[in-house]
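Structural overview
Here is how the chains run, residue by residue.
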There are 6 protein chains.
Amino acid sequence: MEGLHFLRALFILALASSLAYASDPSPLQDFCVAINDPNDAVFVNGKVCKDAKLATADDFFFSGLNIGKITSNSVGSSVTPVNVAQISGLNTLGISLARIDYAANGGLNPPHTHPRATEILVVLEGTLYVVGLVHFQFNPRKRKAVAIAALSSQDPGVIIIANAVFGSDPSINPDVLSKAFKLDKSIVKSLQSKF
Amino acid sequence: MEGLHFLRALFILALASSLAYASDPSPLQDFCVAINDPNDAVFVNGKVCKDAKLATADDFFFSGLNIGKITSNSVGSSVTPVNVAQISGLNTLGISLARIDYAANGGLNPPHTHPRATEILVVLEGTLYVVGLVHFQFNPRKRKAVAIAALSSQDPGVIIIANAVFGSDPSINPDVLSKAFKLDKSIVKSLQSKF
Amino acid sequence: MEGLHFLRALFILALASSLAYASDPSPLQDFCVAINDPNDAVFVNGKVCKDAKLATADDFFFSGLNIGKITSNSVGSSVTPVNVAQISGLNTLGISLARIDYAANGGLNPPHTHPRATEILVVLEGTLYVVGLVHFQFNPRKRKAVAIAALSSQDPGVIIIANAVFGSDPSINPDVLSKAFKLDKSIVKSLQSKF
Amino acid sequence: MEGLHFLRALFILALASSLAYASDPSPLQDFCVAINDPNDAVFVNGKVCKDAKLATADDFFFSGLNIGKITSNSVGSSVTPVNVAQISGLNTLGISLARIDYAANGGLNPPHTHPRATEILVVLEGTLYVVGLVHFQFNPRKRKAVAIAALSSQDPGVIIIANAVFGSDPSINPDVLSKAFKLDKSIVKSLQSKF
Amino acid sequence: MEGLHFLRALFILALASSLAYASDPSPLQDFCVAINDPNDAVFVNGKVCKDAKLATADDFFFSGLNIGKITSNSVGSSVTPVNVAQISGLNTLGISLARIDYAANGGLNPPHTHPRATEILVVLEGTLYVVGLVHFQFNPRKRKAVAIAALSSQDPGVIIIANAVFGSDPSINPDVLSKAFKLDKSIVKSLQSKF
Amino acid sequence: MEGLHFLRALFILALASSLAYASDPSPLQDFCVAINDPNDAVFVNGKVCKDAKLATADDFFFSGLNIGKITSNSVGSSVTPVNVAQISGLNTLGISLARIDYAANGGLNPPHTHPRATEILVVLEGTLYVVGLVHFQFNPRKRKAVAIAALSSQDPGVIIIANAVFGSDPSINPDVLSKAFKLDKSIVKSLQSKF
């Protein structure tokens with residue numbers, strides 16, 4: 001499959017096919033609003049819920065997505081997630097969103113995977129260079145870009161490949177990374193100090 | 001649950017919890033691009049696929065979502081779906097999108113349900129009046145509104161309640177609808193002639 | 001698809017295809033008998049279970065389905081559900097039942113949907129007029145009718161369309177319903193007072 | 001768990017918890033009516049479907065369940081299945097039924113398992129002796145009994161244990177069965193000749 | 001399908017297709033390490049988890065599978081399970097293992113079913129006589145045999161058919177077993193005393 | 001979670017938790033043996049099956065796993081997969097295996113992910129250095145190592161991270177990889193020529 005594609009026009013839809021595919025288990029009641037309480041003593045697959053009688057409309061809404069986060073970081077992009085951690089009513093519903101902002105001239109949402117979701121991406125503004133199987137978006141133009149991603153899980157998870165490989169804690173034996181990535185061990189060690 | 005909520009600011013996120021919940025079966029290969037050929041002789045759960053060796057990047061992209069459809073119809077809204085019928089690469093991936101345009105001063109995406117998906121909705125422009133359990137969006141303001149909906153199925157389906165009830169073909173016995181909706185039989189017959 | 005069908009003989013099977021399709025998540029143990037205790041402090045997707053060592057045969061049985069409920073109400077029908085609320089042992093098993101009684105001369109189980117189940121219906125007694133996609137049963141004959149419905153969820157849920165649309169609390173803006181159902185706003189307001 | 005229970009009254013509900021639990025994959029379209037054509041050349045998980053435009057109401061109905069099959073056989077019971085083989089519209093819907101007739105004075109639906117379904121059982125007539133985990137029904141009374149079983153699959157499958165063990169073709173080495181069932185090899189050979 | 005097959009060489013792979021098929025619900029987080037505490041007061045579908053911050057590498061490891069259990073019992077085989085009860089980190093991951101040891105000259109893993117899993121079997125040592133649909137393994141040779149089974153559930157469950165039928169507690173009415181297995185009632189009673 | 005662990009003893013079990021989690025859709029019949037015919041004209045989610053009447057025991061067996069592949073390649077490891085491509089009877093059953101051989105003194109199964117499966121790993125011989133979240137195995141010892149992996153899909157798929165990132169065809173823009181991996185563009189280009 002030819003995997004490279006330039007998106008030239010404003011507001012074009014791009015499907016960024018994920019490295020991973022899964023679907024959340026189906027709900028067993030109308031809703032099951034998550035309790036996002038770090039002091040909660042009971043943990044289950046997904047989230048423990050609050051009493052349905054106490055659910056309110058606010059449990060299903062989120063405002064502020066009109067403003068993106070700043071992109072003045074090392075990769076030139078930022079992600080504003082809207083999943084079960086932000087909208088507790090998404091618990092058991094199997095869907096979530098994210099806003100992604102890309103700096104002009106090279107903003108990059110670096111190669112990553114969502115272990116529990118497929119993804120579809122709408123470019124709201126600007127132009128993005130994407131590749132399907134290796135999952136990233138790159139802004140090659142002189143103006144910023146914005147996209148909305150929809151994901152098929154209440155909590156898709158994310159593993160940024162470079163961080164997972166070179167920035168894991170505890171760190172991976174440099175012999176492993178040197179062999180896997182065909183890099184001198186000194187470069188591996190230098191990378192491990194940067195991530 | 002208090003189910004009514006006004007969305008006042010530009011670009012606010014609204015979750016429109018669906019009347020129905022389901023998740024598509026998981027994929028069994030990297031991709032399985034649908035053949036949307038009406039002459040195809042074989043039908044299965046989902047879509048028959050093309051030979052994976054013939055898949056191209058274009059099977060995963062859709063352009064033109066920057067322009068909405070006109071809303072000068074009886075309800076004052078229009079839906080531009082982006083599901084497996086528009087992006088054949090969505091087959092087996094369990095996700096899809098739609099753009100919805102609402103006319104100013106009362107544009108309505110009328111009460112409906114998606115029998116095979118949950119839904120999450122981003123308001124891109126304008127203000128919408130929504131109710132969670134009875135699933136619709138209404139634009140009460142003097143400027144148009146635009147939203148993107150993401151749905152947890154490659155083919156969510158849609159049943160517009162008023163059409164299904166009063167506009168079914170063959171038509172439903174008016175005695176049934178008169179009793180169910182507490183309407184005079186003459187009103188039921190009049191409605192059946194309109195839908 | 002031609003959707004209307006008269007069932008003339010005693011004890012005929014009718015499939016009432018649901019508006020919604022889903023399947024419960026699979027069980028992860030032999031059984032997980034629900035605790036139906038309103039004072040229970042923990043809520044999860046489905047039901048919290050009792051200690052398996054305390055399960056008894058009675059957790060899996062229900063008696064009294066030989067007697068239907070009275071049908072002298074506004075629609076002339078009554079439903080006796082047998083789901084996880086009645087048989088706590090059904091928790092995690094993905095199936096349930098209901099007995100439906102229909103008054104003679106127009107008993108109606110009004111248009112509705114089960115958001116988490118498909119349904120199959122056996123007519124035990126009498127004759128029913130059904131339509132597949134818009135989901136209801138109507139008894140046009142001079143004798144009462146009885147049916148057993150089986151549903152593919154431990155808790156299928158039910159949304160009676162007329163009630164959800166005209167009887168929601170808080171009530172839906174009459175402008176919305178007037179436009180969606182092509183009814184005068186005065187009729188909408190009158191209906192909202194009846195439901 | 002105490003697993004034995006006598007059902008004494010007419011029309012009592014009994015849950016016969018299955019030895020196996022599963023749920024069919026979710027549908028990906030409104031319906032997908034199976035082609036039950038033995039000459040069809042394409043086989044898939046489930047059933048190949050006919051063109052949706054050719055579906056009719058008859059694809060979703062089955063009549064004649066008011067009459068049971070005769071029970072004058074070695075076990076004194078008969079099963080009338082109503083699954084995807086009888087109602088082709090059940091394909092992808094994840095549910096099916098069966099009528100079971102039990103002769104008076106010992107009619108037995110022998111120990112069996114449904115590898116792809118859970119089951120719930122309504123006793124329409126008579127009295128049945130059932131055990132949950134080992135899945136059978138036995139009629140100890142002087143009048144016949146009738147039950148309707150609902151199963152959570154379009155094609156639940158059935159493995160009658162005694163037949164599978166002693167009547168498999170090719171037959172199982174008698175040493176295996178002698179050791180497993182603590183029976184003399186001569187008895188095993190005699191049983192193998194009977195099944 | 002011809003179901004008998006001799007495995008002659010060392011280290012051959014045999015698929016023992018299970019009597020039952022299911023798949024565990026998908027996980028909703030990176031991991032959810034089970035609390036295997038008999039005093040825990042909350043029970044759910046699957047297992048309640050410990051706080052993710054307290055998970056350690058040991059929660060995902062098991063050692064000692066290099067040594068099998070002794071096989072000097074009535075069937076001449078032993079099973080060493082490695083499922084969520086042994087590796088608490090397997091909770092929500094949908095997979096498990098077992099080591100099976102077979103005595104020389106007739107070691108038998110007797111006919112059984114796993115109600116929540118499919119199974120694939122690797123013969124590490126020796127020769128096994130297996131049948132697919134009726135699920136057992138038998139060692140007909142003069143040297144011991146060893147196999148590793150992988151199962152598609154965190155807790156596959158097991159029902160040993162002979163024990164479930166003849167050794168249930170409370171015991172099944174001998175009339176039932178006599179009729180189902182075509183055995184004299186005296187033999188049935190004798191078997192019930194042995195199991 | 002502390003993610004590093006040395007496995008010191010022969011025949012120790014290691015769980016290598018995958019980067020991705022999914023479960024195959026459930027089967028809808030006893031078996032559905034895949035047709036692995038490259039000339040077959042019909043493609044579906046999973047595999048088209050052969051006529052069940054033509055299935056044989058050989059469709060469920062695979063021999064030769066006692067011999068590993070040679071490991072004299074750039075990473076010093078080799079994988080012998082046993083999935084639906086090798087055992088066509090695995091179609092719809094949701095499980096598969098692989099044998100992995102590791103050369104002495106640094107044999108490495110490089111960082112990778114299985115987009116459709118969780119994995120559990122048995123070390124048959126030798127010692128392996130593994131990390132859970134970043135999924136690889138490394139043999140630091142002077143003798144070779146052998147493992148059997150079981151995976152919860154009939155076709156787990158594999159994405160070797162270094163190959164996907166630096167060896168994709170068409171190649172990824174070096175600006176992207178330079179920024180993502182914090183490597184000089186000249187090193188990125190050099191890596192792209194090696195993979």
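Here the structure is a predicted model, which is why all the values come from computation and not from measurement. (Residues numbered from 1 in each chain as written. Chains lettered and ligands numbered in written order. Predicted model: local features only at pLDDT ≥ 70, side-chain atom pairs only at ≥ 80, totals over all residues. Heavy atoms only, no water.)

Some thoughts on the relation of the copies chain F and chain B
Heads up, the condition is: Alignment of copies: least-squares fit on C-alpha atoms of residues with pLDDT of at least 70 in both copies.
Superposition record for chain F on chain B: RMSD 0.0 Å, screw rotation 120 degrees, translation along axis 0.0 Å. Considering both components of the superposition, the chain copies are consistent with a three-fold axis. When C-alpha distances to the rotation axis are compared across chain F, the minimum falls at P25(F), with a value of 3.2 Å.

Points about the UniProt feature "binding site: oxalate" (unreviewed entry) in chain A
Residue and element names in this part refer to chain A. Threshold: UniProt positions are given in the numbering used here, feature names are shortened, and annotations may be inferred rather than shown by experiment. Only DSSP runs of H or I reaching four residues or more are called helices, and only runs of E reaching two or more are called strands; each is numbered from the N terminus. Side-chain atoms alone can form a polar contact between residues adjacent in sequence; in general such a contact is a pair of N or O atoms within 3.5 Å, and within protein one must be able to donate a hydrogen while the other accepts it.
UniProt tags N109, H114 and E119 as "binding site: oxalate" (unreviewed entry). Tracing the backbone shows E119 in strand β8 (residues 119–125). Only 2.9 Å separates the side chain of E119 from the side chain of H114, close enough to count as a polar contact.

Considering the environment of R99(B)
All names here are of chain B. Along the chain, R99 falls in strand β5 (residues 96–102). Here the alpha-carbon distance between R99 and V146, two residues 47 residues apart in the chain, equals 7.3 Å. Here N66 takes part through its backbone oxygen, which lies 3.1 Å from a polar atom of the side chain of R99.

What to know about the interface of chain F and chain B
Accessible area lost upon the coming together of the parts serves often as the stated size of an interface. To keep things clear, this is the line we draw: Between two residues, a contact is recorded if the distance between any of their heavy atoms is within 4.5 Å. Put simply, buried area is how much 1.4 Å-probe accessible surface two parts lose in total, over both of them, once they are put together. Just to be clear on terms, a salt bridge is a Lys or Arg side-chain nitrogen sitting within 4 Å of an Asp or Glu carboxyl oxygen. In this count, Pro and Cys sit with the nonpolar residues alongside Ala, Val, Leu, Ile, Met, Phe, Trp and Tyr, while Asp, Glu, Lys and Arg are called charged and the others, Gly among them, polar.
With 12 residues of chain F in contact, the opposing surface of chain B contributes 14 residues. The junction of chain F with chain B conceals about 1,100 Å² of combined surface from both sides, 59% of it contributed by carbon and sulfur atoms. Together, F43(F), N45(F) and R116(F) form the three largest contributors to the area buried by chain F at its contact with chain B, with a combined 50%. Here chain F is connected to chain B by 1 salt bridge. Here the side of chain F that touches chain B is built from residues that sort into 5 nonpolar, 4 polar and 3 charged.

Things to note about helix α2 (residues 174–181) of chain D
Residue and element names in this part refer to chain D. Put simply, the test is: Residue burial is assigned from relative accessible area. The probe radius is 1.4 Å, only protein chains are included, and a residue is buried under 20% of its type maximum, exposed over 50%, and partly exposed in between.
Counting buried positions over the 8 residues of α2 gives 6, a clear majority of the element. Every buried residue belonging to α2 is among P174, V176, L177, S178, A180 and F181, and all of these are buried. Of the residues that open α2, the one with a side-chain oxygen 2.8 Å from the backbone nitrogen of D175 is N173. Once α2 ends, the next one or two residues include K182, with phi positive near 55 degrees.

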